[in-house]
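For reference, the chains in residue letters:
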Amino acid sequence: MAETVQTVQLLSADGVLQTDDTAAEYLPYVDALSDDDLRQFHRDMVITRRFDLEATNLQRQGQLALWPPSHGQEAAQVGSARATRAQDHIFPSYREHSVGMIRGLDILDIITLMRGVSNGGWNPKTNNNFHLYTLVLGSQALHATGYAMGINFDGDTATGDPETDQAVIVYFGDGATSQGDVSEAFVFAASFQTPQVFFLQNNHWAISVPVSVQSRIPLYLRSQGFGIPGVQIDGNDVLASYAVTRKNLDEARSGSGPRMIEALTYRVGAHTTSDDPSKYRGDIELQGWIARDPITRFEAYLRSRGEGDGFFAEVATEAQDFSADLRRRTLALATPSTEKLFNHVYSEPHPVMDVQKQWLLDYEASFGGNE
Amino acid sequence: MSTETTSTGTTTTETNTGLTSTDTASTEPANPKAETAEPTSTEIRELAFGKALNAGLRMALGDNDQVLLMGEDIGPLGGVFRVTEGLQEEFGTKRVFDTPLAESGIVGTAIGLAMRGYRPVCEIQFDGFIFPAFDQITTQLAKMTSRHEGQVSMPVVIRVPYGGHIGAVEHHQESPEAYFAHTPGLRLVSPSTPNDAYWMIQEAISSNDPVLFFEPKSRYWNKGPVDFSASAAPLHSSRVVRTGTEVTVVGHGAMVTVLLQAAEVAATEGTSLEVIDLRSLSPIDYAPIIASVQKTGRLVVASEAPGFVSISSEIAATVTEKAFYSLEAPVLRVTAYDTPFPPAKLETTYLPDADRVLEAVDRALAY
């Protein structure tokens, strides 16, 4: 899908800050960022790409059941995640590794899911409101909307104080927009005027199916039919992702209802490690997107502001150490205990769980350790 | 439940054993103008099943500010069966609200509300309309506590008017319980009396697990005593509602009425049936059933649902495993046929009635 003239881009592909009319209203958000903020954006993206490669390798080595690479989508994720405020709730799909990291999640918790150690793995309440991954496409859009309805009911938004007013951001992809649950989430969000941003990463491929099969119009226009304003951004531009998300989240938390952002980006890697993109997409397209790489672009911008080699070398080392530590801890993950089968199926006591757990324990014990 | 069976074996829990005529009921019947339930704590009153549910919902809304009612047409209209009548007026549009017409959306947003700390009670308008929400119920709601390793609870109740006997058009008379009973993480109950309706809805709402609450819609207009002072029986207990000695018959919801009718007829023919109301479909409380079968040696299980891979099948298998040496005959099932719910003019043929229950009783006794 071609970019439209409305696409918000703050950094050109070669890293030059844009000042045209489309960019102008977002530049104050960029101006408010400190040098350290900008360095952090770079650090987030580089670390993510490095551990993403490490996890992909771990899967290839038989250590993970699956890994969905985020290579290429770092700017869309890092910018939007850095735009959230501490009190916000984040409902990811299953590829938002850097969003989790930025919210304080230990990436090893994602590894437990992909290694088959857990079906969830973390507590949103102790991970800065970063909710569980959802592998069934689009389901989380309704959970996010329901959560945002609850924020409205509680009066914890639209008080006029952006430092405390709560909002929700939900991540999903171009394939998920075809799911009924996403459309139903638009309906409920519009009807209940939820404080919520729908953040769509259009990475152009739903496994092997191009976005043209999902939609014949730019996807940011779709929400408008539901009464939800939409905006399209260059998703490989971390500044655009940050500034547009910041603005839309703050509008949503101010009481003006839900918003949608379509970030145009590209899945440089495979859909997951089970996928073979060479069967369905061409190298010319891939190389075109690699030329618009989000990290290269942002590095050029930072260098143009005077950032030197030392910083970039330091971040590369940090990313390498981060990944080596992740690998070490992945290989040390213990197999869950048998009892875990039964322990949390229900919140309250359940006779069937009790009986089956005891039976299994007795059965295992009957081997006397010689199974 | 204080009104158990009497020593003569007749029930005191059901005063009306008639089922609604198939010729006159519409699919969106209004309740007959009935008294508003304003219970006091020591009172026993006759209430229609639907009114008892309404009173139970009112109690739950009053007890806990986190309880929400949500669904289609439940606000000013009070639901197509008027079960929520007057509740929006009393508790406001933030506690009792109409949703867009989208079942997956209702359940999906209820999950988000439960994550936020609310206790949503969703109304699905009719049994046959629940399937757009099937994914959110079975894949999301049922697994959410497990996926969070117990760190998040899902106190969501889904009310489902279900079953036949009202002469409605297609998709309005089904019994889809087994689809959900097959799903770990869900609890399923179905009251058969106004007293149970009043108490069980409150117990379901106070559960921290998701509960599918199957309401036998043909019973909405039937009156029975509601004891507002008695503490509720455990939500997941089954109960002997008529004692007998020769054959145990088990069912739930509107089928309990059919079983009691069958027991009356059998008694006139000199056969003594013990009737058990399941009340809970997941988990199933087997202790009263096993105890009864150990006494009678014979079991007939009846339901309005097709029999293949059904709750009736599950009970037959489990009782065979647990009480094999007590059985004098195979456990027999009396169910709907394994066909779609038929046009309403054929529903009395499709749904088990007292005669079909008695035919199975005769077969059990012939062994």
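This one's a predicted model, so the numbers in the text were calculated from it and none came from an experiment.

Some remarks on the pattern of salt bridges
And step 1. The tally for this structure, following the rule as stated, stands at 42 salt bridges over all chains.
And step 2. Between A:Arg305 and A:Asp35 there is a salt bridge; the shortest N-O distance is 2.6 Å. Here A:Arg305 is found in the loop between helix H13 (294–304) and helix H14 (309–331), whereas its partner A:Asp35 is found in helix H3 (residues 35–60), with 270 residues between them in sequence.
And step 3. For A:Arg305, a relative accessible area of 43% gives the class partly exposed.
And step 4. By relative accessible area, which is 42% here, A:Asp35 ends up partly exposed.
And step 5. Across the salt bridge formed by B:Glu123 and B:Arg159, the nearest N and O atoms sit 2.7 Å from each other.

Let's talk about the sheet that holds strand S4 (residues 119–123) of chain B
All names here are of chain B.
And step 1. The sheet built from seven strands is open, its strands ordered S3-S2-S4-S5-S7-S6-S12 with mixed pairing. Each of the sheet's edge strands pairs with one partner strand only, and the pair in question is strand S3 (96–98) and strand S12 (280–282). Strand-to-strand twist in this sheet, taken as the mean axis angle between neighbours without regard to direction, amounts to 20°.
And step 2. Sheet topology note: the S4/strand S5 (residues 157–162) ladder contains three bridges and is parallel. Across the sheet, the residue bridging to cysteine 122 is isoleucine 158, located in S5.

Focus on the environment of A:Thr19
All names here are of chain A.
And step 1. Mapped onto the elements of the fold, threonine 19 is located in the segment before helix H1 (21–24).
And step 2. The class of threonine 19 is exposed, set by a relative accessible area of 62%.
And step 3. With 228 residues separating them along the chain, threonine 19 and lysine 247 place their C-alpha atoms 17 Å apart.

Some words on the nonpolar core
And step 1. B:Ile158, B:Ile289, B:Ile315 and B:Val319 are the most contacted members of the largest nonpolar core, which totals 76 residues.
And step 2. Considering each element in turn, this core owes the most residues, eight residues, to helix H7 (residues 139–154) of chain A.
And step 3. In contact with B:Ile289, other than residues within four places in its own chain, are B:Ser238, B:Val250, B:Ile276, B:Leu278, B:Ile284, B:Leu299 and B:Val319.
And step 4. Counting 65 residues, the second-largest nonpolar core is a separate cluster that includes A:Leu11, A:Ala81, A:Tyr133 and A:Ile295.

Some words on the interface of chain B and chain A
And step 1. Contact residues are listed per partner, giving 43 residues for chain B and 44 residues for chain A.
And step 2. Summed over both partners, the interface of chain B with chain A comes to about 3,400 Å²; 55% of that surface belongs to carbon and sulfur atoms.
And step 3. Broken down residue by residue, the surface that chain B buries against chain A is led by B:Arg116, B:Arg147 and B:Glu149, which jointly contribute 21%.
And step 4. Across the chain B-chain A interface, the total number found is three salt bridges.
And step 5. Across the pair A:Asp156 and B:Arg116 runs a salt bridge whose closest N-O atoms are separated by 2.7 Å.
And step 6. Seen at the junction of chain B and chain A, the total is 26 residue pairs in polar contact (both at pLDDT 80 or more).
And step 7. Of all the secondary structure elements, the ones that give two or more residues to the side of chain B that touches chain A are S3, helix H3 (103–116) and helix H4 (134–147) of chain B.
And step 8. Broken down by element, the side of chain B that touches chain A gets its largest block of residues, eleven residues, from H3(B).

A short note on the domain arrangement of chain B
Residue and element names in this part refer to chain B.
And step 1. Domain assignment breaks chain B into domain 1 (44–227) and domain 2 (239–366).
And step 2. Spacing between the C-alpha centres of domain 1 and domain 2 amounts to 26 Å.
And step 3. Taken over both partners, the interface formed by domain 1 and domain 2 buries close to 1,800 Å², and the fraction arising from carbon and sulfur atoms is 52%.
And step 4. Taken together, the connections running from domain 1 to domain 2 amount to two salt bridges.
And step 5. When the shortest N-O distance is used, the salt bridge between arginine 279 and aspartate 196 registers 2.9 Å.
And step 6. Across the contact surface, domain 1 and domain 2 share 13 residue pairs in polar contact (both at pLDDT 80 or more).
And step 7. Those elements that place two or more of their residues in the side of domain 1 that touches domain 2 are helix H5 (177–181), strand S6 (187–189) and helix H6 (194–206).
And step 8. Residues of the side of domain 1 that touches domain 2, tallied by class, amount to eleven nonpolar, nine polar and five charged.

Cut-off values and rules
- Residues numbered from 1 in each chain as written.
- Chains lettered and ligands numbered in written order.
- Predicted model: local features only at pLDDT ≥ 70, side-chain atom pairs only at ≥ 80, totals over all residues.
- Heavy atoms only, no water.
- Salt bridge = Lys/Arg side-chain N within 4 Å of Asp/Glu carboxyl O.
- Helix = DSSP H or I, 4+ residues; strand = E, 2+ residues; numbered from the N terminus.
- Buried < 20%, exposed > 50% of the residue type's maximum accessible area, 1.4 Å probe, protein only.
- Pairing = 2+ DSSP bridges.
- Axes fitted to C-alpha atoms, helices over the stretch in contact; angles between N-to-C directions.
- Core = buried A, V, L, I, M, F, W, Y, C linked by side-chain atoms within 4.5 Å.
- Contact = heavy atoms within 4.5 Å.
- Buried area = accessible area lost by both parts, 1.4 Å probe.
- Polar contact = N/O pair within 3.5 Å; in protein donor to acceptor, adjacent residues only side chain to side chain.
- Domains from an automatic or database assignment.
- Nonpolar A, V, L, I, M, F, W, Y, C, P; charged D, E, K, R; others polar.

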